[in-house]
Amino acid sequence: MRILVTGGAGFIGSHLVDKLMEKEKNEVIVADNYFTGSKDNLKKWIGHPRFELIRHDISRPLFVEVDQIYHLACPASPIFYKYNSVKTIKTNVMGTLNMLGLAKRLRARILFTSTSEVYGDPLEHPQKETYWGNVNPIGVRSCYDEGKRMAETLMFDYYRQYGIEIRIARIFNTYGPRMNIDDGRVVSNFIAQAIRNEPLTVQLPGTQTRSFCYVSDLVDGLTQLMEGTDTGPINLGNPGEFTMNELAKAVQELINPKVQISEVENTPDDPRQRKPDITKAKEVLGWEPKVNLHEGIPLMEDDFRRRLGVPRT
Ligand SMILES: NC(=O)c1ccc[n+]([C@@H]2O[C@H](COP(=O)([O-])OP(=O)(O)OC[C@H]3O[C@@H](n4cnc5c(N)ncnc54)[C@H](O)[C@@H]3O)[C@@H](O)[C@H]2O)c1
Ligand SMILES: O=c1ccn([C@@H]2O[C@H](COP(=O)(O)OP(=O)(O)O[C@H]3OC[C@@H](O)[C@H](O)[C@H]3O)[C@@H](O)[C@H]2O)c(=O)[nH]1
């Protein structure tokens with residue numbers, strides 16, 4: 001099986017590559033433009049005979065011969081996806097069209113990593129796959145959430161019109177080793193701040209919630225979805241729901257009891273609540289997460305301490 005992973009130099013992509021490379025019969029090709037990813041995340045595979053790394057921007061066509069495509073390429077942190085919003089749209093729309101074109105030519109199965117952000121600021125809680133969402137189409141997050149919604153539409157149109165084998169995962173907030181230290185997402189921010197003994201920046205009101213999934217659980221869900229028979233969309237996430245105040249307290253308790261917590265301004269359109277209903281993933285894939293937040297944070301702390309050069313005292 002030859003497998004293409006777009007965005008494979010990023011956080012989730014590199015963990016997925018590790019899992020795919022474990023199988024002796026797999027060959028893996030990564031296409032990435034290194035916008036938020038890094039070769040460092042893949043250094044153990046560079047030079048391996050079953051592995052190939054291509055610098056490529058997926059908003060342009062790609063010609064390779066593969067059996068399966070995991071299509072992850074897209075900046076995921078709000079800071080980075082807003083930084084060049086037009087580019088984010090091109091990555092989601094033109095990039096997904098290019099990958100679907102490739103899948104069509106090769107009759108390859110393609111899995112797209114969509115997001116819980118397609119539910120916007122949800123009025124239904126927890127969110128089921130049948131919920132159509134509450135999204136601002138002209139807001140500063142739209143390049144990402146509307147971009148992902150359009151990409152889902154493209155996936156289903158290629159499925160209906162050309163019979164392409166599609167899989168769609170709606171991923172909820174995922175965390176773990178290899179997140180960029182200055183990625184801007186909340187778990188990586190709080191862990192880096194706690195290690196550096198800088199105040200944890202809780203964005204107001206602090207009562208907004210998220211549900212955090214450890215990366216190894218998520219990657220298991222992605223491969224199970226790819227190998228299963230259901231097109232999705234399927235929610236992949238951990239239903240354990242926390243306010244940002246609770247998350248800050250957990251990081252304080254687990255990493256640095258002396259660290260301060262400060263309240264800072266939020267950004268527009270921040271969803272107020274988010275929690276996956278994973279009934280479908282349980283029924284269809286037999287998947288559910290195993291690692292809870294209190295187990296996952298210390299695993300991520302080890303990696304951050306190593307990269308920041310601050311050992312435990
Ligand atoms: N981590 C999460 O919580 C989360 C939640 C929902 C969905 N997702 C989705 O999962 C995927 C991976 O997320 P992540 O957290 O690993 O993010 P990440 O930013 O670490 O990885 C994204 C990768 O895509 C690459 N990339 C971006 N634009 C590209 C382009 N035009 N051409 C080629 N490569 C490009 C980046 O360089 C990076 O390596 C994304 O599609 C994201 O939207 C992630
Ligand atoms: O330092 C911070 C950063 C963020 N936050 C808050 O933490 C919450 C989560 O913010 P993040 O930036 O980590 O992520 P978001 O949930 O907003 O978006 C994420 O959703 C799912 C994926 O598609 C993406 O990984 C990302 O877009 C927000 O309410 C935000 O206001 C803080 O309180 N402090």
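In this text the structure is predicted, and so the values were computed from the model without any measurement.

**A closer look at the site of ligand 2**
Part 1 of the reasoning: Residues in close proximity to ligand 2 total 17 residues, the closest being Thr115, Arg185, Val186, Asn189 and Gln203.
Part 2 of the reasoning: Those elements that place two or more of their residues in the shell around ligand 2 are helix 5 (186-196) and strand 8 (200-203).
Part 3 of the reasoning: Looking at the shell around ligand 2, its residues break down into five nonpolar, eight polar and four charged.
Part 4 of the reasoning: For the shell around ligand 2, the domains that each give at least three residues are domain 1 (2-174 + 214-236) and domain 2 (176-210 + 240-274 + 291-308).

**Here's the deal with the domain arrangement of the chain**
In many analyses, interface size is given as the accessible surface area lost on bringing the parts together.
Part 1 of the reasoning: Structurally, the chain comprises domain 1 (2-174 + 214-236) and domain 2 (176-210 + 240-274 + 291-308).
Part 2 of the reasoning: In this assembly, 25 residues from domain 1 lie in contact with 17 residues from domain 2.
Part 3 of the reasoning: Every element with two or more residues in the side of domain 1 that touches domain 2 is listed here: helix 1 (11-21), helix 2 (78-83) and helix 6 (215-227).
Part 4 of the reasoning: Considering only residue class, the side of domain 1 that touches domain 2 consists of nine nonpolar, 13 polar and three charged.

**Observations regarding unusual backbone geometry**
Part 1 of the reasoning: Residue proline 205 follows leucine 204 across a cis peptide bond; omega there is 5°.
Part 2 of the reasoning: In this model, arginine 107 sits at a positive phi of 55°, which is unusual for a non-glycine residue.
Part 3 of the reasoning: Secondary-structure assignment places arginine 107 in the loop between helix 3 (85-106) and strand 5 (109-115).
Part 4 of the reasoning: In this structure, asparagine 197 takes a positive phi of about 60° despite not being glycine.
Part 5 of the reasoning: Counting through the fold element by element, asparagine 197 comes out in the loop between helix 5 and strand 8.
Part 6 of the reasoning: The class of asparagine 197 is exposed, set by 12 C-beta atoms lying within 10 Å.

**Structural notes on the site of ligand 1**
Part 1 of the reasoning: Around ligand 1 sit 28 residues, and of these Gly7, Gly10, Thr36, Gly37 and Ala76 come closest.
Part 2 of the reasoning: Within the residue set of the shell around ligand 1, elements represented by two or more residues are helix 1, helix 3 and strand 5.
Part 3 of the reasoning: Within the shell around ligand 1, the residues separate by chemical class into twelve nonpolar, 14 polar and two charged.

Rules and cut-offs
- Residues numbered from 1 in each chain as written.
- Chains lettered and ligands numbered in written order.
- Predicted model: local features only at pLDDT ≥ 70, side-chain atom pairs only at ≥ 80, totals over all residues.
- Near = placed C-beta within 6 Å.
- Helix = DSSP H or I, 4+ residues; strand = E, 2+ residues; numbered from the N terminus.
- Nonpolar A, V, L, I, M, F, W, Y, C, P; charged D, E, K, R; others polar.
- Domains from an automatic or database assignment.
- Contact = placed C-beta atoms within 7 Å.
- Buried ≥ 20, exposed ≤ 12 C-beta atoms within 10 Å, placed from the backbone.

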